[in-house]
Amino acid sequence: MAKTIVVSGASRGIGFCIAQRHIQKGDSVHIIARTQTEQVINLAKENANAFLYQGDVSDTQKLAPALSQIKAAAAHIDILYNVAAVFFEEDRKGLAELDIDRIPEMVNTNACGALRVLKGLAPIIDEHTAIINVSSEAACIGTTEEVALYSYTMSKAALNIATKVYHNEHGKKRNAVVVCPGWVRTDMGGPTADLAPEYSAGKLIELAENLDKQDPSGLFFKYDGRLLPW
Ligand SMILES: NC(=O)c1ccc[n+]([C@@H]2O[C@H](COP(=O)([O-])OP(=O)(O)OC[C@H]3O[C@@H](n4cnc5c(N)ncnc54)[C@H](OP(=O)(O)O)[C@@H]3O)[C@@H](O)[C@H]2O)c1
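As a starting point, this report considers the structure included with it.

Parameters and conventions
Residues numbered from 1 in each chain as written. Predicted model: local features only at pLDDT ≥ 70, side-chain atom pairs only at ≥ 80, totals over all residues. Core = buried A, V, L, I, M, F, W, Y, C linked by C-beta atoms within 7 Å. Buried ≥ 20, exposed ≤ 12 C-beta atoms within 10 Å, placed from the backbone. Helix = DSSP H or I, 4+ residues; strand = E, 2+ residues; numbered from the N terminus. Pairing = 2+ DSSP bridges. Right-handed = clockwise from strand over helix to strand, strands pointing away. Near = placed C-beta within 6 Å. Nonpolar A, V, L, I, M, F, W, Y, C, P; charged D, E, K, R; others polar. Expected span 1.5 Å × (residues − 1). Contact = placed C-beta atoms within 7 Å.

In a soluble, globular protein the nonpolar side chains are often hidden away together inside. If you look at the biggest cluster of nonpolar residues, it comprises 66 residues, and the most contacted ones within it are Val-7, Ala-10, Ile-18, Ile-31, Ile-132 and Val-179. Considering each element in turn, this core owes the most residues, six residues, to helix α1 (residues 13-24).

A few words on the pairing of strand β5 (residues 130-134). In terms of burial, β5 is largely enclosed, as five of its five residues are buried. Taking every second residue as pointing to the same face, both faces of β5 are buried, with Ala-130, Ile-132 and Val-134 on one and Ile-131 and Asn-133 on the other. Note: strand β4 (residues 79-82) against β5, four bridges, orientation parallel. Across the sheet, residue Tyr-81 finds its bridge partner in β5, namely Ile-132. Inspection of the sheet shows β5 paired to strand β6 (residues 175-180) by five bridges, in the parallel sense. Considered in β6, the bridge of Ala-130 is made with Asn-175. Handedness of the β-α-β unit built from β5, helix α5 (residues 150-170) and β6 comes out right-handed.

Our next topic: the site of the ligand. The local shell around the ligand holds 29 residues, among which Gly-9, Gly-13, Ala-85, Thr-186 and Gly-189 are the closest. Per element, the largest residue contribution to the shell around the ligand is three residues, and it comes from α1. Split into classes, the residues belonging to the shell around the ligand amount to 14 nonpolar, eleven polar and four charged.

The first and last C-alpha atoms of α1 sit 17 Å apart over twelve residues, in line with the 16 Å expected at 1.5 Å per residue. For α1, the buried fraction is high: ten of the twelve residues fall into the buried class. Listing the buried residues of α1 in full gives Gly-13, Ile-14, Gly-15, Phe-16, Cys-17, Ile-18, Ala-19, Gln-20, His-22 and Ile-23. Structurally, α1 contributes buried residues whose contacts are with β1 (4-8), β2 (28-33), α2 (38-46), β3 (50-54), β4 and α6 (197-209).

Below, the structure is given as structure tokens:
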């Protein structure tokens, strides 16, 4: 049966591939894109089951119209992917060089953005909604080997704890996990990364579609289904 899907951060990269794959499967796909790229505009134009909304997850006011339109169009979400995130290469610096005042901007987009989407769409989210918050293994506190990546790892660690607290607040009434997509060949991951975005997107979809079977809510996964430490 066709599902109802919401994807944030789908103008390009992994989010775009997730939206495209679900559209090909015949699902109704609600796409939140900050930049209206040619590829996402064409995706929506060419497919009657794709619905495109302009939305910026870093700003409650700029996101509100998209969330209102999605609530008006969909009675219930089957899978919600919070993919939107930023990574500023120029912030890859040791503490001595780092502009600390820039860190909140990344935390705002990468962690608060997902909470804005979850809060705004709450009326059409329930215990049957699979919620995939896309994070990064670089933010595993127990195992990370990053040495000069404060802002990004801090932002993803904030998303991780936000997901856990969201799970604690809602218990079995919500099915929310954090997932690392792997190192992926996108604008963010760069051309030498391990995985094609279509492959990573396919694995995230597989995980989302099988979430109910494992009762994994509040856990942290790698794209291939392996459990990660926090
Ligand atoms: N690629 C990797 O190797 C890798 C590794 C670990 C984790 N991740 C995570 O995987 C996810 C997807 O990454 P990616 O590689 O596909 O990155 P990407 O190619 O840089 O795409 C990022 C997407 O997020 C959107 N976005 C950024 N800020 C936004 C905002 N304020 N509001 C709405 N959308 C916004 C971008 O839209 P615009 O076009 O408007 O900028 C774009 O669609 C991210 O959460 C990332 O942190 C990626």
